[in-house]
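So the chains spell out like this:
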Amino acid sequence: MYTAIVYLIAFGLPPGVKFSLLIPVSAVFILHEWNVIRLPVPQNRWQVPHSWVSGPPMRNMAVWGLILGAGILTYIPHIIFHLLYLYLGFFKDPVHGLLFGALYGFSRALPAAFFGILRTIDSRIIELDRIPQIRQAGRMVNGLTLLLFTAYLILRAMG
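What counts as what
- Residues numbered from 1 in each chain as written.
- Predicted model: local features only at pLDDT ≥ 70, side-chain atom pairs only at ≥ 80, totals over all residues.
- Heavy atoms only, no water.
- Helix = DSSP H or I, 4+ residues; strand = E, 2+ residues; numbered from the N terminus.
- Contact = heavy atoms within 4.5 Å.
- Areas by Shrake-Rupley, 256 points an atom, 1.4 Å probe, with all protein chains shown as cover.
- Buried < 20%, exposed > 50% of the residue type's maximum accessible area, 1.4 Å probe, protein only.
- Axes fitted to C-alpha atoms, helices over the stretch in contact; angles between N-to-C directions.
- Parallel < 35°, antiparallel > 145°, perpendicular 65-115°, else oblique.
- Nonpolar A, V, L, I, M, F, W, Y, C, P; charged D, E, K, R; others polar.
- 1 Å grid on protein atoms, 1.4 Å probe; cavity = no way out; pocket = protein on both sides within 12 Å on 5 of 7 lines; lining within 4 Å.
- Points joined across faces, edges and corners; volume = space filled by probe spheres on them.
- Expected span 1.5 Å × (residues − 1).
- pLDDT = per-residue confidence, 0-100.
- Core = buried A, V, L, I, M, F, W, Y, C linked by side-chain atoms within 4.5 Å.

Things to note about the overall build of the protein
Consideration 1: When helices and strands are counted, the protein shows six helices and zero strands.
Consideration 2: In the protein, the succession of helices and strands from N to C terminus is α-α-α-α-α-α.
Consideration 3: Within the protein, contacts between residues separated by at least 24 positions form 69% of all contacts whose residues are at least 6 apart in sequence.
Consideration 4: Of the roughly 9,700 Å² of accessible surface on the protein, 73% is carried by carbon and sulfur atoms.

This is the structure we're talking about:
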């Protein structure tokens, strides 16, 4: 849905204009992820009710796919998700979109996996008061992901 809307709005713009829109937004949100500045992230804090996904597996997959796949109906705390959809809408480049989507997923999972591994080593490491540390680690990793994405955009714009 996101990608189709962006494509319909921007299909006539030259690539240079698209890069000049996407690069500064991506770069400034690195500062946001690293808590240098605060910026609003387009998101909806609504979550899929448990009753919607407590049925047969095929129905559950359809519900998750339709709601989460839309990309704008649930809580997405990091801007990189939205920038990936903008990138796909601008450049219709599904291969790179898939790679950056995988990088986004990896960057979201890495902090929780890291602290989960630490917990298996010592059960006192993860307590409820450590959840903010996991969130902060997630922001740092997502900032690094944005840095990679921004560098890619700059290199692609130059060549």
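Here we look at the environment of Tyr104
Consideration 1: Along the polypeptide, Tyr104 turns up in helix α5 (residues 94-121).
Consideration 2: The buried category is assigned to Tyr104, whose relative accessible area is 10%.
Consideration 3: Sequence separation between Tyr104 and Thr145 is 41 residues, and the spatial gap between their C-alpha atoms is 7.0 Å.
Consideration 4: The contact partners of Tyr104, leaving out residues within four places of it in the chain, are Ile76, His78, Ile80, Phe81, Leu84 and Asn142.

A closer look at the side chain of Ser26
Consideration 1: Tracing the chain through its elements places Ser26 in helix α2 (residues 15-33).
Consideration 2: In this view, Ser26 contacts Leu83, Leu146, Phe149, Thr150 and Leu153; residues no more than four positions away in its chain are not counted.

Details of the packing of α2 against helix α4 (residues 79-91)
Consideration 1: At their nearest, the axes of α2 and α4 sit 11 Å apart, and the two run at 175° to each other. Looking at the two axes, α2 sits roughly antiparallel to α4. Of the residues in α4, those in contact with Pro15, Lys18, Phe19, Leu21, Leu22, Val25, Ser26, Phe29 and Glu33 of α2 are Ile79, Leu83, Leu86, Tyr87, Phe90 and Phe91.
Consideration 2: Residue composition of the contact of α2 with α4, grouped by class: 12 nonpolar, one polar and two charged.

Observations regarding the layout of surface pockets
Consideration 1: The space that makes up the largest pocket amounts to roughly 460 Å³.
Consideration 2: Around the largest pocket sit 19 residues that line it, and Tyr75, Pro77, His78, Arg108 and Arg135 are the ones nearest its centre.
Consideration 3: Those elements giving two or more residues to the lining of the largest pocket turn out to be α5 and α6 (131-158).
Consideration 4: With seven residues, the single largest contributor to the lining of the largest pocket is α6.
Consideration 5: For the lining of the largest pocket, the per-class residue count stands at eight nonpolar, six polar and five charged.

Describing α4
Consideration 1: Compared with the 18 Å implied by 1.5 Å per residue over 13 residues, the 18 Å span of α4 between its first and last C-alpha is a close match.
Consideration 2: Across the 13 residues of α4, 11 count as buried, placing the element largely inside the fold.
Consideration 3: Of all the positions in α4, only Ile79, Ile80, Phe81, His82, Leu83, Leu84, Tyr85, Tyr87, Gly89, Phe90 and Phe91 are classed as buried.
Consideration 4: Once α4 ends, the next one or two residues include Lys92, with phi positive near 45°.

Details of the confidence of the model for the protein
Detailed reading of the predicted coordinates is not advisable wherever pLDDT is low.
Consideration 1: Looking at the protein, the pLDDT average stands at 82 and 87% of residues meet or exceed 70.
Consideration 2: The least confident element of the protein, judged by mean pLDDT, is helix α3 (residues 57-70) at 77; the most confident is α2 at 94.

Examining the nonpolar core
Consideration 1: With 25 residues, the main nonpolar core has Leu22, Tyr87, Leu146, Phe149 and Leu153 as its most contacted residues.
Consideration 2: Listed by contribution, the elements that provide at least two residues to this core are α1 (2-10), α2, α4, α5 and α6.
Consideration 3: Top contributing element to this core by residue count: α4, with nine residues.
Consideration 4: The contact partners of Tyr87, leaving out residues within four places of it in the chain, are Leu22, Lys92, Asp93, His96, Gly97, Phe149, Tyr152, Leu153 and Arg156.

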